[in-house]
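# Residue-level structure breakdown
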Amino acid sequence: MQQRITFLLFTVISLLIFAGCYLFSITLSKTSFASGTILLLCLLFLASYQLRKKISFLPLGSSAAWLRFHIFIGFLSFVVFAIHTRLQIPNGLLEFILFLTYYTVFLSGVVGLFLSRTIPYRLLSRGEEVLFERIPVHRRKIHDRVKTLVFDDAQPEQGAALPDFYHKHLQDFFEGPRHQISHILHSKRHLHQLKQKISAQEPFLDEQEQVRLQQIAEQIQLKDDLDYQYIFQAIIKLWLFVHVPLTYSLIIFAFYHALAACAFASTSG
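Here's a quick rundown of the structure. (Residues numbered from 1 in each chain as written. Predicted model: local features only at pLDDT ≥ 70, side-chain atom pairs only at ≥ 80, totals over all residues. Heavy atoms only, no water.)

## Comments concerning the overall build of the protein
Test applied: A run of H or I in DSSP counts as a helix once it spans at least four residues, and a run of E counts as a strand once it spans at least two, with each numbered from the N terminus. Based on C-alpha atoms, the radius of gyration is set beside the globule rule, defined as 2.2 Å times the residue count to the power 0.38. Each residue is placed in one exposure class: buried if its accessible area under a 1.4 Å probe, protein chains only, is under 20% of its type's maximum, exposed if it is over 50%, and partly exposed if it falls in between. Here, two residues are considered to be in contact whenever any of their heavy atoms come within 4.5 Å of each other.
Helix and strand counts for the protein come out as 9 helices and 0 strands. From first element to last, N terminus to C terminus, the protein shows the α and β order α-α-α-α-α-α-α-α-α. The globule rule puts the C-alpha radius of gyration for 269 residues at 18 Å, and the 28 Å found for the protein is more than 25% above it. Across its three principal axes, the protein shows a C-alpha extent of roughly 95 × 45 × 35 Å. Across the 269 residues of the protein, 32% fall into the buried class. Looking at the protein alone, contacts between residues at least 24 apart form 79% of all its contacts between residues at least 6 apart.

Structural data, given as structure tokens:
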């Protein structure tokens with residue numbers, strides 16, 4: 001129901017803006033100034049969302065409400081942008097850069113909306129969410145636990161089968177984030193292959209070593225869940241690294257474009 005109301009409101013406001021610009025045009029007024037002003041206000045509001053995150057301690061409304069308005073104004077800005085530019089590639093260098101920057105910011109925003117709707121659900125499917133900055137610490141603890149199981153807990157009479165298995169199949173896996181592409185594709189093939197190698201190794205171990213190998217298998221699952229968390233949280237951070245600076249660049253270009261347009265209008269009468 002809420003989505004229908006939002007869509008209806010979006011349609012009404014878009015039509016009002018379109019009708020307003022059309023009425024301006026038939027009175028021989030410069031519609032580009034009106035649409036450009038609305039577009040600039042939209043961009044300023046969109047950029048203010050990041051500022052709202054930094055001053056979250058102030059009572060300026062919930063973050064969820066700001067996000068909904070951010071998405072709403074983001075799509076509305078595209079309608080105003082289409083009216084302002086008529087979706088034609090401009091000739092001037094500054095206008096072309098502005099045109100390209102807006103499209104990049106808008107498309108990155110659409111990608112961000114998709115990521116924000118899908119990644120949280122995927123993270124919930126693979127264990128408890130871990131802070132991105134704490135993932136290396138958890139990874140190191142898991143690796144230390146595995147090395148203890150392989151080397152420190154070994155008895156003198158036991159052979160080198162388990163250490164050899166660790167060096168051949170496990171050491172590289174535990175040393176850093178692995179199988180990023182598989183995680184993005186939601187594939188567990190690499191995990192099944194590793195478990196098959198563990199099952200194939202068990203007949204060559206005594207009872208105590210088999211128990212330790214099963215404990216190592218549990219650590220493999222924890223490490224794989226951690227890699228899953230790492231790659232998707234890294235994607236979100238990479239997206240922010242692209243979207244936010246481009247938005248600020250767009251604001252600067254838009255202000256420069258507005259000043260240039262006003263200066264040209266005043267000199268041309």
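## What about the packing of aromatic side chains?
The following threshold applies: Ring geometry is summarised as follows: Phe, Tyr and Trp rings, the Trp one being its six-membered ring, pair when their centres sit within 6.5 Å, and such pairs are stacked at plane angles under 30 degrees, edge-to-face over 60 and tilted between the two.
According to the stated counting rule, one finds 15 aromatic pairs in the structure shown. With 5.9 Å between their ring centres and 90° between their planes, Phe75 and Phe106 make a pair best called edge-to-face. Highlighted residues: Phe75 in helix α3 (residues 63–85) and Phe106 in helix α4 (residues 93–124), separated in sequence by 31 residues. Judged by relative accessible area, which is 34%, Phe75 ranks as partly exposed. With a relative accessible area of 15%, Phe106 lands in the buried category.

## Quick look at the nonpolar core
Spelled out, the test is: Side-chain atoms within 4.5 Å link the members of a nonpolar core, which is a set of buried Ala, Val, Leu, Ile, Met, Phe, Trp, Tyr and Cys residues.
Of all hydrophobic cores here, the largest spans 22 residues; its most connected members are Val146, Leu170, Phe174, Ile198, Leu213, Ile216 and Ile220. Taken together, the elements giving at least two residues each to this core come down to α5 (135–152), α6 (161–174), α8 (189–201) and α9 (207–268). Broken down by element, this core gets its largest block of residues, 6 residues, from α6. Apart from the residues within four sequence positions on either side, Ile216 is in contact with Val146, Leu149, Val150, Leu162 and Leu170. Counting residues in each nonpolar core, the second largest holds 21 residues, with Leu43, Phe72, Leu76 and Leu250 among its members.

## Considerations on unusual backbone geometry
If you check the backbone angles, Leu87 has positive phi at about 55° while not being a glycine. Residues other than glycine seldom take positive phi values, yet His186 does so here, at roughly 60°.

## What about a nonpolar patch on the surface?
Let me state the cut-off plainly: Patch criteria: residues need more than 30% relative accessible area and no salt bridge. Like-charged residues are merged within 9 Å; nonpolar side chains of Val, Leu, Ile, Met, Phe, Trp and Tyr are merged within 5 Å. Per-residue accessibility takes into account occlusion by the displayed protein chains alone, with areas from the Shrake-Rupley method and a 1.4 Å probe. Take a side-chain nitrogen of Lys or Arg and a carboxyl oxygen of Asp or Glu: if they are within 4 Å of each other, that pair is a salt bridge.
Where nonpolar side chains cluster on the molecular surface, the patch consists of Ile89, Leu93, Phe96, Ile97 and Leu100 and spans about 480 Å² of accessible area. Relative to the elements of secondary structure, Phe96 occurs in helix α4.

## Section: α6
Short version of the rule: Expected helix span is computed as 1.5 Å times (number of residues minus one). To get the bend at a given residue, fit one axis to the seven residues ending there, fit another to the seven starting there, and take the angle between those axes.
With 14 residues, α6 should reach 20 Å at 1.5 Å per residue; the first-to-last C-alpha distance of 18 Å fits that figure. Considering bend angle alone, the principal kink of α6 is centred on His167 and spans about 50°. Taken together, the buried positions of α6 are occupied by Leu162, Pro163, Phe165, Tyr166, Leu170, Phe173 and Phe174.

## Considering the packing of α3 against α4
Test applied: Between the N-to-C directions of two axes lies an angle of 0 to 180 degrees, each axis being a line fitted to C-alpha atoms and, for a helix, fitted only over the stretch in contact. What sets the label is the angle itself: under 35 degrees gives roughly parallel, over 145 gives roughly antiparallel, 65 to 115 gives roughly perpendicular, and the rest give oblique. Two helices cross in a left-handed way if the nearer one is turned anticlockwise from the farther one by less than a right angle. They cross in a right-handed way if the turn is clockwise. Residues are grouped as follows: Ala, Val, Leu, Ile, Met, Phe, Trp, Tyr, Cys and Pro are nonpolar; Asp, Glu, Lys and Arg are charged; every other residue, Gly included, is polar.
Packing of α3 against α4 leaves a shortest axis separation of 11 Å and a crossing angle of 155°. As far as their axial angle goes, α4 and α3 are roughly antiparallel. Of the two possible hands of crossing, α3 and α4 adopt the one that is left-handed. Within the contact between the two elements, α3 uses Ile71, Gly74, Phe75, Ser77, Phe78, Phe81 and Thr85 and α4 uses Phe99, Tyr102, Tyr103, Phe106, Val110, Leu113 and Arg117. When its residues are assigned to classes, the contact of α3 with α4 shows 10 nonpolar, 3 polar and 1 charged.

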